[in-house]
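Single-letter residue listing:
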Amino acid sequence: MTDTPLSFNGQVGLITGAAGGLGLAYTRLLARLGAKVVMQDVGADRDGEGRDPDRVARAAARLRVEGLDVTSRGLSIDTRAQCHALVDEVLGQHGRLDFIIHNAGWVHYQPIEDIGELQLERMLDIAAKAPLWLAQAAWPAMRAAGGGRIVLTTSDRALYPQYVQHGLASYAMAKSAAVGLMNVLAAEGEADNIIVNAVSPVAKTRMWGVYGEPDELHPDAVAPGVAWLASSRCVQGGWVLRASNGQFHATRAQEPAGVSYPRDLQGVAADNVDAFDAVWPEIALPAIEPRSRQHALLP
C-alpha cells in the first residue's frame, strides 16, 4: 500500500483493439497517467470482418487533442510474423515496451453444427495465438529491462457455466485457451519480473451491439483495474480479474492444503465404476467463490 499516485511517466505500452470500447478506455486512462501508448486496431467490424485502419488513426487523433501521447498502428496481428513486426516497430521507435494489453477480439455466434475450421482458426488466432506471439516478441526486451506487464483478455462466457451463451463455442474455446496461456506465462515470467494476468471484462460496446455512449456498464468503469494490472504495483501473476460496473473480483484455481499432486488429490476414493457412481454426489461439489467488498461499497 502506498499514498503515492500511480504514474506511468516514462513508460511505453501497446494496447490492441484500441480504436473504441474497452481498448480506447484503457488507452485514455493509461495515457492520462503518463504512458506513451501505441494503439493497434485493424478496424474490423464486431464479427471480425472488414478492415478500416483509419478508425484507430481517428481515435488516436481525438486523444492527441486531449493532450495525450498516443500513436496508432493499423497493422494486423493475425499471425506470428505480424505480431513480431508490431512489437519490433514499437521497440524500434521507443526503445522500450513496459506493458502489453491484448484487448483485440470479436464475438461471432455460430451453432455447433455450423462451425468450420476457418472460423475457429480465426477466433483462436486473435484470442489465443496473438497474445502468445506478442508476449514472445516482447519477452527478451522486457527481461533485459528488468520486467514488464502483460494483460490478456478472457470472458465470463467461458469461465462460468451459468453465463455461457448458445453459439459461442469457438469464442469460449479461445477465451479459455487464453487462461491456460496466462497461467504458463505467469510462471515463466515470474523470475524476470514479467507479470502476466488476464481480465474478464463486461462493458456495453460494439460487441454488445452498442455503438454510442452506453446507458450503463461503461468501459471506463473497467479501466482502473486493467491499468493497475499493467503497472509496477502489480507483482503477482496468474490472476483473472473480473471487472464490471466499477466492481472487481480476482479469481484463480488453487489447490487446497494437503494435496500432493498427482498421487494424493485429497479426493474421494473409488476403485471401480459402481463405487464411483455411489460417491458422485460427494465428488461433484460446487465451489462457491468468496467475495469481499471494499468499505466504500458497504451500505
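All values derive from a computational prediction rather than experimental measurement.

Quick look at the overall build of the protein chain now. The number of helices and strands found in the protein chain is eight helices and eight strands. Over its C-alpha atoms the protein chain spans a radius of gyration of 20 Å, differing by no more than 12% from the 19 Å that the globule rule assigns to 299 residues. Every one of the 299 residues in the protein chain was classed for burial, and the buried ones make up 42%. Across the protein chain, the 26 positively charged side chains and the 33 negatively charged ones have centroids separated by 9 Å.

On to the nonpolar core, then. The biggest cluster of nonpolar side chains holds 39 residues, and the ones touching the most others in it are L14, I150, L152 and V196. Of all the secondary structure elements, the ones that give two or more residues to this core are β1 (12-16), α3 (80-94), α4 (117-145), β5 (148-153), α6 (169-189) and β6 (194-202). At eleven residues, α4 tops the list of elements feeding residues into this core. Beyond its immediate chain neighbours, meaning those up to four positions away, L14 contacts V38, Q40, L86, V87, L97, F99, I100, I101 and L134.

A separate point is the environment of H218. Checked against the element boundaries, H218 lands in the loop between β6 and α7 (223-229). You can call H218 partly exposed: its relative accessible area is 29%. Sequence separation of H218 and V202 is 16 residues, and the distance between their C-alpha atoms is 8.6 Å. Those residues in contact with H218 that lie beyond four places of it in its chain are A203 and E213.

Another aspect to go through is the sheet that holds β5. Taken together, the eight strands give an open sheet; going across it, the order is β3-β2-β1-β4-β5-β6-β7-β8, and neighbouring strands pair in mixed fashion. In the strand order of this sheet, the two ends are held by β3 (70-73) and β8 (247-251), each with one partner. Along the sheet, successive strands turn relative to each other by an average axial angle of 20°, direction set aside. Sitting on the sheet, α6 touches β5, β6 and β7 (240-244), and the angle it makes with β6 is about 155°.

A few words on α3. With 15 residues, α3 extends 21 Å from end C-alpha to end C-alpha; this agrees with the ideal 21 Å at 1.5 Å per step. Elements in contact with the buried residues of α3: β1, β2 (36-40), β3 and α4. G95, located one to two residues past α3, shows a positive phi value of around 80°.

Attention now moves to the packing of α4 against α6. As a packed pair, α4 and α6 sit with axes 8 Å apart at the nearest point and diverge in direction by 15°. By the criterion of interaxial angle, the relationship of α4 to α6 is roughly parallel. Where α4 crosses over α6, the handedness of that crossing is right-handed. Along the contact surface, α4 presents L120, M123, L124, A127, A128, P131, L132, A135 and W139, while α6 presents S170, Y171, M173, A174, K175, A177, A178, L181, L185, E188 and G189. Here the residues of the contact of α4 with α6 are counted per class, giving 16 nonpolar, two polar and two charged.

Here we take up the environment of P5. Within the element layout of this structure, P5 appears in the segment before β1. Residues P5 and Y163, 158 residues apart in the sequence, show an inter-C-alpha distance of 36 Å.

This brings us to the packing of α3 against α4. Viewed as axis vectors pointing N to C, α3 and α4 meet at an angle of 40°, and their least axial separation amounts to 8 Å. Crossing of α3 over α4 shows right-handed handedness. Here R80, C83, H84, L86, V87 and L91 of α3 come into contact with α4, specifically with A130, W133, L134, Q136, A137, A138 and A141. Broken down by class, the residue content of the contact of α3 with α4 amounts to ten nonpolar, two polar and one charged.

This next bit is on the packing of aromatic side chains. One pass over the full model with this rule turns up three aromatic pairs. Relative to F99, the ring of F8 has its centre 5.6 Å away and its plane inclined at 75°; by these criteria the two rings are edge-to-face. With F8 in the segment before β1 and F99 in strand β4 (residues 99-101), this pair connects stretches of sequence that are 91 residues apart. Pair check on accessibility: F8 and F99 agree, each one buried.

Quick look at unusual backbone geometry now. Working note: non-glycine residues mostly have negative phi, and peptide bonds are mostly trans. In this model, Y261 is joined to P262 through a cis peptide bond whose omega is 0°. Turning to its location among the elements, P262 is positioned in the loop between β8 and α8 (273-283). Positive phi, normally seen in glycine, also occurs at N193, with a value near 60°. Considering the arrangement of structural elements, one finds N193 in the loop between α6 and β6. On the basis of relative accessible area, N193 is assigned to the partly exposed category, the value being 31%. For Q266, which is not glycine, the phi dihedral falls at a positive 55°. Following the sequence through the fold, Q266 ends up in the loop between β8 and α8. Relative accessible area serves as the criterion here: at 48%, Q266 is assigned to the partly exposed category.

Quick notes on the rules
Residues numbered from 1 in each chain as written. Predicted model: local features only at pLDDT ≥ 70, side-chain atom pairs only at ≥ 80, totals over all residues. Heavy atoms only, no water. Helix = DSSP H or I, 4+ residues; strand = E, 2+ residues; numbered from the N terminus. Rg over C-alpha atoms; globule rule 2.2 N^0.38 Å. Buried < 20%, exposed > 50% of the residue type's maximum accessible area, 1.4 Å probe, protein only. Lys, Arg positive; Asp, Glu negative; His and termini not counted. Charge placed at Lys NZ, Arg CZ, Asp CG, Glu CD. Core = buried A, V, L, I, M, F, W, Y, C linked by side-chain atoms within 4.5 Å. Contact = heavy atoms within 4.5 Å. Pairing = 2+ DSSP bridges. Axes fitted to C-alpha atoms, helices over the stretch in contact; angles between N-to-C directions. Expected span 1.5 Å × (residues − 1). Parallel < 35°, antiparallel > 145°, perpendicular 65-115°, else oblique. Left-handed = near helix turned anticlockwise from the far one by under 90°. Nonpolar A, V, L, I, M, F, W, Y, C, P; charged D, E, K, R; others polar. Phe/Tyr/Trp six-rings, centres within 6.5 Å; stacked < 30°, edge-to-face > 60°.

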